[in-house]
Amino acid sequence: MKLTFEQKKSMLTQGYIHIPGVIPRVLVDQAVKHINHAVGQGMPVEEMTKYRAQSYCPELTDKPPITGLFNDTPVKGFVEDLLGEGMARQIGGGQIALRFPTLQDPPVVNRPHLDGMYSPNNGVKEGTIGNFTMLVGVLLSPVRTTFAGNFTVWPGTHTIYEQYFREHGPESLLNGMPPVEIPEPVQTMGEPGDVFLVHYQLAHTVALNASPNTRYCIFFRVKHKEHDQDWKAPMLDIWKHWPGVREIM
């Protein structure tokens, strides 16, 4: 599958692409059914903090109803159109990201972050940066208003952070998010089956969910096959492993 020029331009300038209607409804329903079945078996209260940071229903993350959303749909082709054919590492699992309704009033947008930064519950080793190449989000439930558990982005911050890391070094992320001015956040919306392709270095978060419904989303973290040769290099040159974007620059 190929992306359009405008879609690639969105990645270049905004740091993400929203593609509606990628995943067939039958695969969306299958994934939601398996998640709901697992949730119905009960979840240990003492694990909920870790589940929020890593994944709910961890026993499902590497099973076909989840991995098939990437491997058996046009998503894989879109990723290869950006990173190069055969250049993305195989996806072995996806994060099941549920966002349950909050009673907080008013709701807020959480602070921006980059994935791979250490916290006590997210599985990242302290003193390391677990960066990668692309975040892929698959929406499994409708998000039609703000503060409904929206995947939230700060457009253009991928280039702002690239400049910051060139001046201060990628290791500076160990001290926290770069202390720079960033634009206003955008709470994305969409329908079940929509896909978001997101540059690793784009600031993002989740808005609190003040709706009455749980938000269902799956996130896949994609690494270019050459990423681990030098994990710092793609933070200083954000299109190093993105030939599909370099061709339109």
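Residues numbered from 1 in each chain as written. Predicted model: local features only at pLDDT ≥ 70, side-chain atom pairs only at ≥ 80, totals over all residues. Heavy atoms only, no water.

1. Some remarks on the pairing of strand 2 (residues 95-99)
By the criterion of burial, strand 2 is predominantly enclosed, with five of the five residues buried. On strand 2, burial covers both faces: Gln 95, Ala 97 and Arg 99 on one face and Ile 96 and Leu 98 on the other are all buried. The pairing of strand 2 with strand 8 (residues 215-222) spans five bridges and is antiparallel. Within strand 8, the position partnered with Gln 95 by the bridge is Phe 219. (Buried < 20%, exposed > 50% of the residue type's maximum accessible area, 1.4 Å probe, protein only. Helix = DSSP H or I, 4+ residues; strand = E, 2+ residues; numbered from the N terminus. Pairing = 2+ DSSP bridges.)

2. Here we look at the environment of Ile 129
Here Ile 129 is to be found in the loop between strand 2 and strand 3 (134-139). Expressed as a C-alpha distance, the spacing of Ile 129 and Leu 140, which sit 11 residues apart in the sequence, is 29 Å. Excluding residues within four positions of it along the chain, Ile 129 makes contact with Gly 116, Leu 173, Leu 174, Tyr 200 and Trp 231. (Contact = heavy atoms within 4.5 Å.)

3. Side note on the sheet that holds strand 6 (residues 195-199)
Pairing in this open sheet of five strands is antiparallel, and the strands run 1-6-3-8-2 from one edge to the other. Across the chains shown, the open sheet's two edge strands, defined by having one partner strand only, are strand 1 (16-19) and strand 2. The mean inter-strand angle of the sheet, taken between neighbouring strand axes irrespective of direction, is 20 degrees. The sheet contact formed by strand 3 and strand 6 spans five bridges and is antiparallel. Across the sheet, Leu 135 pairs through a bridge with Val 198, a residue of strand 6. In the packing of helix 1 (residues 5-14) onto the sheet, contacts are made with strand 1 and strand 6, and the angle to strand 1 comes to roughly 145 degrees. (Axes fitted to C-alpha atoms, helices over the stretch in contact; angles between N-to-C directions.)

4. Describing the confidence of the model for the protein
Looking at the protein, pLDDT values average 97 and 100% of them are 70 or higher. Confidence, read as mean pLDDT per element, is least for helix 3 (residues 48-53) in the protein (96) and greatest for strand 6 (99). (pLDDT = per-residue confidence, 0-100.)

5. Things to note about the pattern of salt bridges
One pass over the structure, following the stated rule, counts 12 salt bridges. Residues joined in a network through salt bridges with shared partners are Lys 2, Lys 8, Asp 81 and Glu 247. (Salt bridge = Lys/Arg side-chain N within 4 Å of Asp/Glu carboxyl O.)

6. Digging into helix 5 (residues 75-83)
For helix 5, the tally of buried residues reaches seven of nine residues, placing the bulk of the element in the interior. Among the residues of helix 5, Val 75, Gly 77, Phe 78, Val 79, Asp 81, Leu 82 and Leu 83 are the ones counted as buried. One or two positions beyond helix 5, positive phi appears at Gly 84, with a value near 110 degrees.

7. Examining the environment of Lys 240
With respect to the secondary-structure elements, Lys 240 resides in the loop between helix 7 (233-236) and helix 8 (243-246). Sequence-wise, Lys 240 and Leu 98 are 142 residues apart; in three dimensions their C-alpha atoms are separated by 32 Å. Leave out the neighbours within four places in its chain, and Lys 240 touches Ala 233, Pro 234 and Arg 246.

8. A short note on the environment of Gly 15
Along the chain, the position of Gly 15 falls in the loop between helix 1 and strand 1. In this structure Gly 15 comes out as buried when scored by relative accessible area, which is 0%. Taking the C-alpha atoms as reference points, Gly 15 and Pro 185, 170 residues apart in sequence, are found 13 Å from one another. Those residues in contact with Gly 15 that sit more than four places away from it in its chain are Ser 10, His 158, Leu 197, Val 198, His 199 and Leu 202.

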